[in-house]
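# Inside the fold
Each chain, written out:
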Amino acid sequence: MASDASPINPKVCCLDAYRMAIATQISSSIGIALNTAYEGVDYGKKGVDFTVAIPRFRLKEKAMILADKIVSEFLPNEYIQSAASDGIFVHYVCHTSNLIRTALKQISILSKPTDTHPHGSYGCNNSGSGKTVIIEFSSPNIAKLFHAGHLRSTIIGTFLANLFDANGWESVQFNYLGDWGKQYGLLAIGFQRYGSEESLAKNPILHLFEVYVRVNKDVENEEMSNPDKISPTNQEAKVIFKKMEENDKDTLELWKRFRDLSIVEYEKVYKRLNVRFDVYGGESLVKADLMADTLEKLKSKNLLTKKTAHESRVGAAAAEAAAGEQDAGDDDNAADALALDLAQWKLGKPVVQKGDGTTIYILRDIAGARQRYESYHFDKMIYVIGDQQDLHVSQFFKALSLMGEPFTDKLEHVNFGKIHGMSTRKGQVKFLSDILGASKEAMLEQMKKNEDKMRDVMDPDYTGDEVGMTCVKIQDMSAKRVHAYTFDLQRMTSFEGDTGAYLQYAHVRLCSVERKVALDGIIPRDDPDLVDTTLLTEPKVRELVFALALYPDVVKTAMKNYEPSTVVSYCFKISHLVSSAWETLIVRGQETEVAQARLYVFRCTHSVLASAMRLLSLTPLDRM
């Protein structure tokens, strides 16, 4: 019998029993191992439930002859009612009444809340039981407004954390803040020149960002007016950062104040986004002794070299682009800076230590990975970072491999494309608050068009915000993550097409069924054995129930490809099937047993759709 962690587990996915019934007969007919036969059972198309492609078994006898043999020896059972050959394929159809009964019963039972699963466990499995994954995502720079690039990392990272939890792993959600480097020297100077305690208290991140922009303008003007392109402000910032690395108390106190204020503001944003973190880490928290040890280890492996003047000129622009302003500055590429020599692997020569002896972000990333392994002994660590940083990630992964670290095969980079066209009728949208504000406003305008439904919404402001966020997230997750996409406020907030608004509407409509039939005295039965599923004879029911039974496999598939779009597509598939079933699966005004059976289908559908939405970090709404 399959264990809870087994990939074949009918207690978690009832369709596994149907696949096993097919595999058992195939194994017997053509003499292959049961597991081999099971792996060959795929979901079917065009009116069949499962399909087996015989050539995949790589047997000597012709595939068409083997297919005919399998069909001739097929015997119907409680799981499979028919088999038919189609050239080199064999198609199977499940026993309809048993499928509907077993699938709905499993969904009903496993959707009930428990101590470990407050929203039920349907769709979950224990394949990762006992394993730990660290997922690093979001990772904004301190004192910088949360922008669109961080939004993608945050959305995808949260989905991955939910996904690993659903597959039985223990996930550690890690926010690796950009909180170290020369730019914080600049920020300290800027605050001294332009800072206001009143503005800092009112909106810390916005004020620090404005200060940072102004002090950078000072640097730019100084460099333009100096024939040697030297900025006194920039030089002073380097001195301040060196003091930070030397643990100067006064300098660190101001830096810590900026960091703490930024985290408080970020937490407000994350709460709004339905995102949580277990650890607020950062470059500053990488241990100094481990960084020194990392540098020595790189030296001992003969991986370090001095950067030549020519290499510095060529690499300066690339280094600054990869850093995203982290540690950007002229010392990064000075001729006496220490660089990691990865040229033979076509990964360039990234600087690890500046000419003035201060560290740079790639060294902190390398040492930080070693520190996390010491602390967590993780089984996997995932970095959710945009594809603009592909080179940087490859560089520090390669460095760890060349150092002989024991966990390099446990590291993964989950990348994603850019967001284009961040604009609305009010002008350019650069920051998350603008994005969410514009989405919320657009949804409230849509909701106000239906005054009757608007009266039923207890908190329009909250509802508009949640629907708006759903629209933003669904637009982000609908396509494969590696694809860049264009931000389109009007398109994404429409109720027409596959949008977040349409998805929330589909869920709300499912919730309304139970409220409406209660007016007729129809109260859903908690015991699934008290519902007569043989009354569910409509073809739409079978199609919908089979789709609901697929959900545990959808979760497993997403675990293999790390694609939120896998779950988003499933949500819309369920929504479309429900939409097409409303006219034939009427509940109100029906005979009691028929009404109970149909209500049972809608309740199970609601449970599965809500579960899939939560996996995507969405908050399913009851009314809108």
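### Some words on the overall build of the chain
Helices and strands together make up the secondary structure of the chain, namely 23 helices and 16 strands. Dimensions of the chain, computed from the C-alpha atoms along their principal axes, are close to 85 × 70 × 40 Å. Counting only residues that meet the buried cut, the chain has 54% of its 624 residues in that class.

### Notes on unusual backbone geometry
Here the phi dihedral of serine 139 falls at roughly 50°; this positive angle occurs in a residue that is not glycine. With respect to the helices and strands, serine 139 occurs in the loop between β5 (132–136) and α5 (148–166). Its identity as a non-glycine residue notwithstanding, lysine 229 has a phi of 60°, on the positive side.

### Overview of the sheet that holds strand β1 (residues 41–43)
Taken in spatial order, the 4 strands line up as β1-β2-β4-β3 in an open sheet, and their pairing is antiparallel. The sheet terminates laterally at β1 and β3 (80–86), the two strands that pair on one side only. The average angle at which neighbouring strand axes cross in this sheet is 30°, direction not considered.

### Brief notes about helix α8 (residues 204–225)
With 22 residues, α8 extends 32 Å between its outermost C-alpha atoms, agreeing within 8% with the 32 Å of an ideal straight helix rising 1.5 Å per residue. Contacts made by the buried residues of α8 are with α6 (183–194), α7 (197–202), α9 (232–245) and α10 (249–272).

### Observations regarding the pattern of salt bridges
Tallied over the entire structure, the rule returns 28 salt bridges. When the shortest N-O distance is used, the salt bridge between aspartate 293 and arginine 370 registers 2.9 Å. In this pair, aspartate 293 sits in helix α11 (residues 288–300) while arginine 370 sits in helix α13 (residues 361–376), placing the two residues 77 residues apart along the sequence. Several salt bridges share partner residues, and in doing so they unite Asp293, Lys297, Arg370 and Glu405 into one network.

### Considering the nonpolar core
By size, the foremost hydrophobic cluster in this structure holds 155 residues, and its most contacted members are Leu15, Ile26, Tyr92 and Leu160. At 12 residues, helix α23 (residues 592–615) tops the list of elements feeding residues into this core. Residues within four places of leucine 15 in sequence aside, it is in contact with Tyr43, Phe50, Leu99, Phe546, Ala549 and Leu550.

### Some details on the sheet that holds strand β6 (residues 170–177)
Across the sheet, which stays open at both edges, the 5 strands sit in the order β7-β6-β5-β11-β12 with parallel pairing between neighbours. If you trace the sheet from one side to the other, it starts and ends with β7 (279–282) and β12 (411–414), each paired once. Mean inter-strand twist for the sheet, computed between neighbouring axes without regard to direction, equals 25°. Pairing of β5 with strand β11 (residues 380–384) involves 4 bridges; the strand directions are parallel. Its bridge partner lying in β11, isoleucine 135 is registered against isoleucine 382.

### Section: the confidence of the model for the chain
Of all residues in the chain, 93% have pLDDT values of 70 or greater, and the mean over the chain is 90. Scored below 50 in pLDDT, residues 312–326 shows 26 contacts in the model against residues more than four places distant or in partner chains. Contacts from residues 423–427, a stretch scored under 50 in pLDDT, to residues over four places away or in other chains number 9 contacts.

### Considerations on helix α17 (residues 460–477)
Look at α17: 25 Å from first C-alpha to last across 18 residues, which is about the 26 Å you get at 1.5 Å a residue. Across the 18 residues of α17, 15 count as buried, placing the element largely inside the fold.

### Comments concerning a nonpolar patch on the surface
There is a patch of nonpolar side chains on the surface, built from Met64, Ile88 and Phe89 and spanning about 250 Å² of accessible area. Along the chain, the position of isoleucine 88 falls in the loop between β3 and β4 (89–94). Look at isoleucine 88 and you get partly exposed, because its relative accessible area is 31%.

### Concerning the packing of helix α20 (residues 539–549) against α23
For the pair α20 and α23, interaxial distance at closest approach is 10 Å and the crossing angle is 30°. By the angle class used here, α20 and α23 are roughly parallel. Judged by the sense of rotation from one axis to the other, the crossing of α20 with α23 is left-handed. Residues Val541, Leu544 and Leu548 of α20 touch α23, and the partners they reach there are Val601, Cys604, Thr605 and Val608. Of the residues that constitute the contact of α20 with α23, the class distribution is 6 nonpolar, 1 polar and no charged.

### A word on the environment of leucine 585
Its place among the elements puts leucine 585 in the loop between α22 (564–581) and α23. Taking the C-alpha atoms as reference points, leucine 585 and leucine 536, 49 residues apart in sequence, are found 9.1 Å from one another. Not counting residues up to four positions away in its chain, the partners in contact with leucine 585 are Glu538, Val541, Arg598 and Phe602.

Each value, and the rule that gives it
- Residues numbered from 1 in each chain as written.
- Predicted model: local features only at pLDDT ≥ 70, side-chain atom pairs only at ≥ 80, totals over all residues.
- Heavy atoms only, no water.
- Helix = DSSP H or I, 4+ residues; strand = E, 2+ residues; numbered from the N terminus.
- Buried < 20%, exposed > 50% of the residue type's maximum accessible area, 1.4 Å probe, protein only.
- Pairing = 2+ DSSP bridges.
- Axes fitted to C-alpha atoms, helices over the stretch in contact; angles between N-to-C directions.
- Expected span 1.5 Å × (residues − 1).
- Contact = heavy atoms within 4.5 Å.
- Salt bridge = Lys/Arg side-chain N within 4 Å of Asp/Glu carboxyl O.
- Core = buried A, V, L, I, M, F, W, Y, C linked by side-chain atoms within 4.5 Å.
- pLDDT = per-residue confidence, 0-100.
- Patch = residues over 30% accessible without salt bridge, like charges linked within 9 Å, V, L, I, M, F, W, Y side chains within 5 Å.
- Areas by Shrake-Rupley, 256 points an atom, 1.4 Å probe, with all protein chains shown as cover.
- Parallel < 35°, antiparallel > 145°, perpendicular 65-115°, else oblique.
- Left-handed = near helix turned anticlockwise from the far one by under 90°.
- Nonpolar A, V, L, I, M, F, W, Y, C, P; charged D, E, K, R; others polar.

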